[in-house]
Amino acid sequence: MSNTKVSMEDIVSLCKRRGFVFQASEIYGGLAGFWDYGPLGVELSNKLKAEWWKAIVTDKDNVFGVDGAVIQNPKLWEASGHVAGFTDPLVDCKNCGARHRADHLAGTDSTDLVELTRLLKDKTCPKCGKKDLTKPRTYNMMMKTWVGPVEDESSVAYLRPETAGSIFTNYENVRETMRAKLPFGVAQIGKAFRNEISPRDFIFRVRELEQMEMQYFIKPDIQESTYQEWRDFAWQFLTKNLGIKESNLQWHEHAENERAHYAAAAHDIYFNYPQSFKELWGTHNRTDYDLSSHQKISGKDLRYFDEQTKERLTPYVIESSVGLGRMLLAVLVDAYTEEEIKGEKRVVLKLKPELAPYRFAVSPLLKNKQELVEKAREVYQALKKKHGNVVWDDNGNIGKRYRRQDEIGTPECIVIDFQTLEDDTITVRDRDTTNQKRVKVSDIKES
Ligand code: GAP
């Protein structure tokens, strides 16, 4: 079966069954929009983060990393426009009190209230079926808290809704300490929080998310070419670094009424999620919106001195922003395959080997044969020392072990059997073809 038929239920079930993602506080019934990553989910997401960091920071000469606080001075979010403008449109049902995202209900990407009022004219409440909806209105998605012992207006602070905020406020610190010249970028991986009206589709739309963002500071005259470069970077990263099929990706250009309050242009890469093609990765032209606004509100001069022209200018920013959860979900959906081999059905995650939570699984053919277990332990330790992510698996018969390892995407399973004791060779079974070959222990140790 082709992986285009994968349903969200298949993915949710695999994630729970194999320890990728669990419902947060599951034993208390969970909490909508919050998820915990299990042992394999952590392995996979760490690899995605490491791959992104390497491509965007380590492999570049002029992109620097930061790790800002989740809670910042609330003035930051006034300056960024989030306190006034980080809103989603919602409608309430006057009959049953249910609250819905107006754009989702209207089946549009537009967040324009006039347009939504027109589209929602004849709509009924999806919960109770009554045609008794309020007019759409905007709702701020920032999560609030209080800093310090007194819970009043003066102590209100926000959990950051995007990681970008502390990149802008650290722009000058990074420029100065790294002696950076335009163009240069600042990247960050971290949690962000959004009080989404309707979290949904598993880890696709959540209230606590992790973002990987990079702001590239430039002179305005190269905004178009730089925008294109970062669009290309995102596409290359998904297809080459992560091995996602091009047929599962498409571009989506934001119409004016769809763009965030800070963006002059925005192109998303949509992924073919089980529910439909949806946003995975955004490239935005934020112009000088953020730095200008921070200058105005903070009173600090954030202009850049151009040594060539001897002029001061406020840099423009091209932003590359992707959600880690959405990336992980895309990688799982893209890799998920159900197929029949020699009359037997199997689920297999055809992950790029470098991304698989475990590079090898090592098994003794029989777990009650001391000689086999000892030899298998020796091979396991040697591979673990070399690769780190190697798993020991002696649970159930060999067929069951292969099925389990296929489901978590382990590229190769190594079995130590009686022949190993005679000629020091082992069986290596390939995840994708299921073919087995015998190789020398010394060869696999050096692989
Ligand atoms: N700094 C720009 C910014 O935050 P965004 O389009 O609001 O832009 C960027 O978010 C990325 O973060 C999205 O493309 C998506 O991958 C991820 N994202 C946004 N909201 C999310 C949510 N509620 N749940 C999961 N991921 C989300």
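The structure presented is a predicted model; accordingly, all values stated were derived computationally and were not measured.

(A) Examining the overall build of the protein more closely. What the protein contains, in helices and strands, is 15 helices and 23 strands. If you line up the protein on its principal axes, its C-alpha atoms span 75 × 65 × 50 Å. Expressed as a percentage of the 447 residues in the protein, the buried residues total 51%. Sequence-distant contacts in the protein: of pairs separated by 6 or more residues, those separated by 24 or more amount to 64%. For the protein, the accessible surface area stands at approximately 21400 Å², while carbon and sulfur atoms represent 48% of it. Here the protein contributes 66 positively and 68 negatively charged side chains, and the mean placements of these two sets differ by 3 Å.

(B) Main features of empty space enclosed by the protein. In total, this model carries 1 cavity of 30 Å³ or more according to the counting rule given. Its volume calculated, the largest cavity comes out at about 30 Å³. Looking at the lining of the largest cavity, the elements with two or more residues in it are β19 (360-364), α13 (398-407) and β21 (412-416). No other element matches the 4 residues that α13 contributes to the lining of the largest cavity. Residues of the lining of the largest cavity, tallied by class, amount to 5 nonpolar, 2 polar and 1 charged.

(C) Summary view of the sheet that holds strand β4 (residues 87-92). Spatial strand order, β5-β4-β6: 3 strands in an open sheet with antiparallel pairing. The sheet terminates laterally at β5 (99-101) and β6 (137-140), the two strands that pair on one side only. Ignoring which end each strand starts from, the neighbouring axes of this sheet average 50° apart. Two elements, β4 and β6, share 4 bridges in a ladder whose sense is antiparallel. Of the residues in β6, the one forming a bridge with Asp88 is Tyr139.

(D) Geometry of the pairing of strand β16 (residues 316-323). β16 sits mainly inside the fold: 8 of its 8 residues count as buried. In this structure, strand β10 (residues 208-218) lies alongside β16, joined through 8 bridges in antiparallel fashion. Among the inter-strand pairings, Phe217 is bridged to a residue of β16, identified as Val317. Inspection of the sheet shows strand β13 (residues 277-287) paired to β16 by 6 bridges, in the antiparallel sense. Bridge pairing links Thr287 to Val317 in β16.

(E) Representation of the domain arrangement of the protein within the structure. Partitioning the protein into domains gives domain 1 (3-79 + 163-333) and domain 2 (358-445). On a C-alpha basis, the centres of domain 1 and domain 2 stand 38 Å from each other. Across the boundary between the two partners, domain 1 contributes 6 residues, which contact 5 residues of domain 2. Inspection of the domain 1/domain 2 interface yields 2 salt bridges. Between Arg17 and Glu407 there is a salt bridge, and its shortest N-O distance comes to 2.9 Å. For the interface between domain 1 and domain 2, the tally reads 2 residue pairs in polar contact (both at pLDDT 80 or more). Looking at the side of domain 1 that touches domain 2, the elements that each hand over two or more residues are α1 (8-18) and α2 (39-58). Looking at the side of domain 1 that touches domain 2, the element that brings in the most residues is α1, giving 3 residues. Considered class by class, the residues forming the side of domain 1 that touches domain 2 number 3 nonpolar, no polar and 3 charged.

(F) Quick look at α2. With 20 residues, α2 should reach 28 Å at 1.5 Å per residue; the first-to-last C-alpha distance of 26 Å fits that figure. For α2, the full list of buried residues reads Leu40, Gly41, Leu44, Ser45, Lys47, Leu48, Lys49, Trp52, Ala55, Ile56 and Val57.

(G) Spotlight on the sheet that holds β21. What the 5 strands build is an open sheet, ordered β20-β19-β21-β22-β23; its pairing is mixed. Two strands bound the open sheet, and with one partner strand each, they are β20 (390-392) and β23 (436-440). Strand after strand, the sheet turns through a mean of 25° between neighbouring axes, direction not considered. Of the strands in this sheet, β19, β20, β21, β22 (425-430) and β23 are in contact with α13, which crosses β21 at around 155°.

(H) Expanded view of the site of the ligand. Inspection of the region around the ligand gives 20 residues, with Glu162, Arg194, Glu196, Glu213 and Glu279 positioned closest. One of the side-chain N or O atoms of Glu213 is found 2.4 Å from a nitrogen atom in the ligand. Interatomic distance of 3.3 Å between a side-chain N/O atom of Tyr262 and an oxygen atom of the ligand. Within the complex, 92% of the 550 Å² of free accessible area of the ligand lies under protein. Within the residue set of the shell around the ligand, elements represented by two or more residues are β10, β13 and β16. In terms of residue count, β13 provides more of the shell around the ligand than any other element does, 5 residues in total. Considering only residue class, the shell around the ligand consists of 6 nonpolar, 5 polar and 9 charged.

Scoring rules and cut-offs
- Residues numbered from 1 in each chain as written.
- Predicted model: local features only at pLDDT ≥ 70, side-chain atom pairs only at ≥ 80, totals over all residues.
- Heavy atoms only, no water.
- Helix = DSSP H or I, 4+ residues; strand = E, 2+ residues; numbered from the N terminus.
- Buried < 20%, exposed > 50% of the residue type's maximum accessible area, 1.4 Å probe, protein only.
- Contact = heavy atoms within 4.5 Å.
- Areas by Shrake-Rupley, 256 points an atom, 1.4 Å probe, with all protein chains shown as cover.
- Lys, Arg positive; Asp, Glu negative; His and termini not counted.
- Charge placed at Lys NZ, Arg CZ, Asp CG, Glu CD.
- 1 Å grid on protein atoms, 1.4 Å probe; cavity = no way out; pocket = protein on both sides within 12 Å on 5 of 7 lines; lining within 4 Å.
- Points joined across faces, edges and corners; volume = space filled by probe spheres on them.
- Nonpolar A, V, L, I, M, F, W, Y, C, P; charged D, E, K, R; others polar.
- Pairing = 2+ DSSP bridges.
- Axes fitted to C-alpha atoms, helices over the stretch in contact; angles between N-to-C directions.
- Domains from an automatic or database assignment.
- Salt bridge = Lys/Arg side-chain N within 4 Å of Asp/Glu carboxyl O.
- Polar contact = N/O pair within 3.5 Å; in protein donor to acceptor, adjacent residues only side chain to side chain.
- Expected span 1.5 Å × (residues − 1).
- Near = heavy atom within 4 Å.

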